[in-house]
Amino acid sequence: MAEGTHENVVCTFCGCLCDDLKLEVKDNKITDNENGCAISKAKFLHHAEDRLEGPSIRSNGTSTKVSLKDAVTRAVDLIANSKRLLVYGLSSTENDAHREAYKIAEEAGGVVDNTSSVCHGPTILGAQESGEVVAALAEVRHRSDLVIYWGSNPQFAHPRHMNLHTKAAGEWIKDPKTERKIWVVDIRKTISAGVADKYIQIEPGTDLEVISAMRALARGKILDIDKVGGQSVKDLKELVEAMKAAKYGVLFFGLGLTQSKGRHRNIDAAIRLVQDLNHHTKWSMMPMRGHYNVAGANKTSTWQTGYPYAVDYSRGYPRYQPGEFTAVDMLARGEADVLLNIAADPAAHFPRDALKHMGNIPIINLDPKQNMTSLLAEVNIPTAIAGIECDGAATRMDGLPLYLKKVVEPPEDFLPDRDILKMIYEGLRRVKK
Amino acid sequence: MSKDIILTNGRVYDPMHGIEGEVKDICISDGKIVEKVNGSAKKIDLKGKLVMAGGVDMHSHIVGSKVGVGRAICPEDHRKDPVPKTKDTRGGVGYTMPNSYVIGYRYSSMGYTTVIEPALPALKALGSWEEMEDLPNLNSGLLPMFCNSMITFDYVKEGDQSGLAAFIAWTLQKVGGLGVKMVNPGGTYAWAHGVDLRDHEGEIPGWGITPKDVTRSVCKAVEALKLPHMMHFHPNNLGRVGNVETTIAQLDMIKDIKGHGGRDHICHLTHMSFETLSSVEGGDLDWGSIESGGYKFAQYMNKNKHFTADMGQITFGPATTMTGDGPFEFYLYQLTGGKWVSLAVDVELPGGAGIVPYTYSPKAAGNSVQWAIPLEFALSVDDVWRCIISTDHPNAGPFTKYPLVFSWLMSKKQRDIWMEDMHKFAHERTILPTIEREWSLQDVVISTRASPAKILGIEKTKGHLGVGADADVSVYDVDTTKVDFAKNPDKIIKVFSESFLTFLGGKQVSKKGKVKGVPNEGVLTIHPEINESLWARINKELEQKMNNWYSHSFHNYPVPDVYRKHLEKKTVIDSTSVPA
């Protein structure tokens, strides 16, 4: 690739997809990442480290390097002989790879799920109940005078989110320090709470109660209790009045809301609260998506299968059932007999029951780097890193699609996920004929 | 290269060439209709069959962010309509928002070959191009919206017509659009300020201009650029009782704008079901006083030649309303109390697009009148060439209901059957029961093939069967000399629900409902070339505006070639006459 400076490069770490990175490339190495946050710098400057060493096949506990062709052949063989394939991951790779993954799942009559089933899956379920008033990031900067982060710690997980979008001046918010308020709702005082205008501490597991109480108050109902979730009803009423008085409010929410007690009910309630507030003023909301392209995984899955995640093809057509066709459940029930894992690390994140079953079944693992799953996998196929070593498209947390650039060459013989998946799919078609 | 084909003995309807029911051979070579083919061509005998050009749907929401969000939040919409994979097709789901594959297959099996997505937020165009990669069996195209963009407002406010035209040209080039869409100009934007602006002469907050200024300026810019497709217009004040008056006023206000090259039409007006509601005299403009404005609007159309219109026919049953008109969707949500989505899109559509699932009922007063409106209109217009059949899929109903719409237009008997149990308002507040007119088969062919192709400006290759046209052909299993459609409405539905054969670019893609999946046939785009100094100016100005207003870089706005090149069928037009 071109030596020198690459500008307007999209960062492929979190759902912010900041697209203002300025990279210096020398001798096919990234030597500088201007504008990126600390995580972005680590990702781009150290992209060549901890890589998988080449295609390998493990047998009797020993991993042996093989050719890419042999690794693909073994993968095809495993999938062709599986009764219940699970395809999982996808949120840390680009959209064209997803297409091939769905084709494999359909061809094999398997299940395909993405990582949103363990992060913002409840957000989608909430929206399936009630709809959603979705914000856009530029809108937030130009218009919002009240921003709430609920169960989300952006300073830690999305380090430039506040600086770029909620603490920056916009068209109608010239001085964000005086014209915009930022609140953080959480169960503990996070570093984000430390830089907010207001920190609202609630008791763990009470999000649903607190939101429901706020919704009732917003509708003018009188509550016959004094406290909800550690907050006095009087204080909550003040919050609600301030929310109604805002000109343009935005609620950002993270896994503290989606994965705590109540899960999709929390989101449903939050959506209804925001919808109700629109009878008084403008309010919208946005999930703080974690992996850079988890929003893309939902999007591609939706247009290609009809459903955003948890899709089963065993009947030849897509069926959707979170809780049944979600990866953790498929594994914990001992149902999947082969796992094709793409750009995710379930071994590092899944609960024990699921992990236990992962130890019993063959895993085909596509990833640029070594990780917990690669230690378990029977077949490891190293890949090029999307947005660094190959191009592609991804979707930002607010739905904006962005083009990912290739800035350096991948290690020799490391192909993009899409190319390897295509080889597996074509192999599968040949075997099945 | 595929083998040449000759379709013989079929009864051909090709209104662009004045052909109505002639027995005629159609020759296909290399994806095109040709004069003749040699003796080795594959011969298909179509004796007793009906032949016409492939259907052209100029207004159907088939790709993009709001379709995606709609699909994602409504699993219940797809669940009862599974579509298993076959040897030749991918699996999927159907109903009002099918997955992308099933959209292509279902259009193919009905004999449609070109479908245009009429509402693209331009900054999300990359996502739509990615999606069209998976939209098989069709030619497609995208109409970017310019109606609620701060960049549009800025040029309108400055009175900079050249700048506005250049912005439109730049966007069409960079994102691959086919034409210009306007949805509730200024109104959606105003809603981001919490203002419900439905009056086209009201002020857009903060800009000192009105929706009328925006609509007129954009309409003029479209003509100055000489775009083949005229301004595609969803006016202010949609879906409100009494809005036939405001719709007419908004058409009146652009009447003086001259079409380029002397063309008559400068505007295509969308979906009559939602644009031409009238109210009883002395009524309060509430739903209780709703009356059909279809006839009134047809009279207006008969007297005024500057626009065309599509029906957006309500088909009853489940639908999903989705539009760039966010405030209307909020209003509808207040009526339904069900799911509601609003989607803000940065400075291009700040107030947001909206989505609300909706079920139209013939027992509901408002719905029954809304059903009658476009029919009353279509059956009262003098010139069928100006009246396009659509359901504004999936807003008024899914596109799969087109055959039912044909039956209402072609058969008075069918209308009477449907009206029997309908809400009394359909009888009292419309004149539909008194209308005897029945559309001919040729009228339907005009309205679903020839005319939409002309309005879109793609009539060189689409909408007809003349030499040089793309070999998009649909064949239906009916001998038109032996059937009286008006007396047999069920036959209309049966015949047009499933083509006997559909050809797309010369490839046979469907036979009696059995579809063969083929890749997207191509995305039609317009590439207006403006003069160099204007090009330099607009690049400089847009870089500054976008870097100020957007949350991503000007340089990352265009859709990269890698997503376009293999799909794009680009028409370059000379717009260098726009002064710098």
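Attention here is on the structure that accompanies the text.

Cut-offs applied
- Residues numbered from 1 in each chain as written.
- Chains lettered and ligands numbered in written order.
- Predicted model: local features only at pLDDT ≥ 70, side-chain atom pairs only at ≥ 80, totals over all residues.
- Heavy atoms only, no water.
- Helix = DSSP H or I, 4+ residues; strand = E, 2+ residues; numbered from the N terminus.
- Rg over C-alpha atoms; globule rule 2.2 N^0.38 Å.
- Buried < 20%, exposed > 50% of the residue type's maximum accessible area, 1.4 Å probe, protein only.
- Contact = heavy atoms within 4.5 Å.
- Areas by Shrake-Rupley, 256 points an atom, 1.4 Å probe, with all protein chains shown as cover.
- Lys, Arg positive; Asp, Glu negative; His and termini not counted.
- Charge placed at Lys NZ, Arg CZ, Asp CG, Glu CD.
- Salt bridge = Lys/Arg side-chain N within 4 Å of Asp/Glu carboxyl O.
- Phe/Tyr/Trp six-rings, centres within 6.5 Å; stacked < 30°, edge-to-face > 60°.
- Lys NZ or Arg CZ within 6 Å of the ring centre and 35° of its normal.
- Polar contact = N/O pair within 3.5 Å; in protein donor to acceptor, adjacent residues only side chain to side chain.
- Axes fitted to C-alpha atoms, helices over the stretch in contact; angles between N-to-C directions.
- Parallel < 35°, antiparallel > 145°, perpendicular 65-115°, else oblique.
- 1 Å grid on protein atoms, 1.4 Å probe; cavity = no way out; pocket = protein on both sides within 12 Å on 5 of 7 lines; lining within 4 Å.
- Points joined across faces, edges and corners; volume = space filled by probe spheres on them.
- Nonpolar A, V, L, I, M, F, W, Y, C, P; charged D, E, K, R; others polar.
- Domains from an automatic or database assignment.
- Pairing = 2+ DSSP bridges.

Re the overall build of chain B
Stage number 1. Counting its secondary structure elements, chain B contains 19 helices and 28 strands.
Stage number 2. Here the C-alpha radius of gyration of chain B, 23 Å, is about what a compact globule of 580 residues would show, namely 25 Å.
Stage number 3. Taken across its 580 residues, chain B has 69% of its residues classed as buried.
Stage number 4. Contacts spanning at least 24 positions in sequence make up 78% of the contacts within chain B whose residues lie at least 6 apart.
Stage number 5. Summed over all atoms, the accessible surface of chain B reaches about 18100 Å², with 49% contributed by carbon and sulfur.
Stage number 6. A distance of 6 Å separates the average location of the 63 positive side-chain charges in chain B from that of its 68 negative side-chain charges.

Quick look at the pattern of salt bridges
Stage number 1. Here the structure, examined in full by the defined rule, presents 45 salt bridges over all chains.
Stage number 2. Residue Arg143(A) is joined to Glu139(A) by a salt bridge in which the shortest nitrogen-to-oxygen separation is 3.1 Å. Note that Arg143(A) and Glu139(A) are positioned in helix α5 (residues 137–143) at a spacing of 4 residues, about one turn of the helix. No difference in accessibility class separates Arg143(A) from Glu139(A), as the two residues are buried.
Stage number 3. Across the pair Glu131(B) and Arg71(B) runs a salt bridge whose closest N-O atoms are separated by 3.0 Å. With a gap of 60 residues between them, Glu131(B) in helix α4 (residues 125–132) and Arg71(B) in helix α1 (residues 65–73) connect regions that are remote in the sequence.
Stage number 4. Overlapping salt bridges bring together Arg84(A), Asp312(A), Arg319(A), Arg333(A) and Glu335(A) as one network.

So, the packing of aromatic side chains
Stage number 1. The final tally for this structure, using the stated rule, is 33 aromatic pairs over all chains.
Stage number 2. Their ring planes at 45° and their centres at 5.5 Å tell us that Trp191(B) and Phe330(B) sit as a pair that is tilted. Note that Trp191(B) is positioned in helix α7 (residues 187–192) and Phe330(B) in helix α12 (residues 326–336), a separation of 139 residues in sequence. Residues Trp191(B) and Phe330(B) agree in their burial class; the two are buried.
Stage number 3. Geometry around Trp191(B) places Lys282(A) over its ring, the cationic atom sitting 3.1 Å from the centre.

Details of the environment of Glu117(B)
All names here are of chain B.
Stage number 1. Mapped onto the secondary structure, Glu117 falls in strand β11 (residues 112–120).
Stage number 2. Of the residues examined, Glu117 reaches a relative accessible area of 1% and is grouped as buried.
Stage number 3. C-alpha separation for the pair Glu117 and His393, spaced 276 residues apart in sequence, amounts to 9.8 Å.
Stage number 4. If near-sequence neighbours (up to four positions away) are discounted, Glu117 is found in contact with Ser60, His61, Ile62, Val63, Lys66, Val67, Gly141, Leu142 and Leu143.
Stage number 5. Within the structure, the side chain of Glu117 is placed 3.3 Å from the side chain of His61, a separation counted as a polar contact.
Stage number 6. A polar atom in the side chain of Glu117 sits 3.0 Å from the backbone nitrogen of Ala119.

A few points about the packing of helix α6 (residues 161–175) of chain B against helix α19 (residues 532–549) of chain B
Residues and elements named next belong to chain B.
Stage number 1. At a closest axis distance of 10 Å, the pairing of α6 and α19 adopts a crossing angle of 80°. As judged from the angle between their axes, α6 and α19 are roughly perpendicular. On the side of α6, the interface is formed by Ser162, Gly163, Ala166, Phe167, Trp170, Gln173 and Lys174, while α19 contributes Leu534, Trp535, Arg537, Ile538, Asn539, Leu542 and Met546.

Some details on empty space enclosed by the protein
Stage number 1. Within this structure, the stated rule accounts for 11 cavities of 30 Å³ or more.
Stage number 2. The volume enclosed by the largest cavity comes to roughly 550 Å³.
Stage number 3. As for the largest cavity, its lining consists of 30 residues, and the residues nearest its centre are Ala295(A), Asn298(A), Lys299(A), Gly399(A) and Val69(B).
Stage number 4. Those elements that provide at least two residues to the lining of the largest cavity are α4 (121–130), β8 (131–134) and α14 (294–305) of chain A together with α1 and α4 of chain B.
Stage number 5. Its residues assigned to classes, the lining of the largest cavity comprises 13 nonpolar, 10 polar and 7 charged.
Stage number 6. When we break the lining of the largest cavity down by domain, the ones giving at least three residues each are domain 1 (56–119 + 292–385 + 411–432) and domain 2 (121–287) of chain A.
Stage number 7. Put simply, the second largest cavity is a space of about 80 Å³.
Stage number 8. Along its surface, the second largest cavity is lined by Cys11(A), Phe13(A), Cys14(A), Cys16(A), Leu17(A), Cys18(A), Leu21(A), Gly36(A), Cys37(A), Ser40(A), Pro159(A) and Arg160(A).
Stage number 9. Here the lining of the second largest cavity is composed, by residue class, of 9 nonpolar, 2 polar and 1 charged.

Here's the deal with the pairing of strand β18 (residues 338–342) of chain A
Every other side chain in a regular strand lies on the same face of the sheet, so the side chains alternate between the two faces.
Residues and elements named next belong to chain A.
Stage number 1. Most of β18 sits out of view: 5 of its 5 residues are buried.
Stage number 2. Burial of the side chains of β18 extends over both faces: Val338, Leu340 and Ile342 are buried on one face and Leu339 and Asn341 on the other.
Stage number 3. Inspection of the sheet shows β18 paired to strand β19 (residues 363–367) by 4 bridges, in the parallel sense. Bridging from a neighbouring strand, Leu340 pairs with Ile364 of β19.

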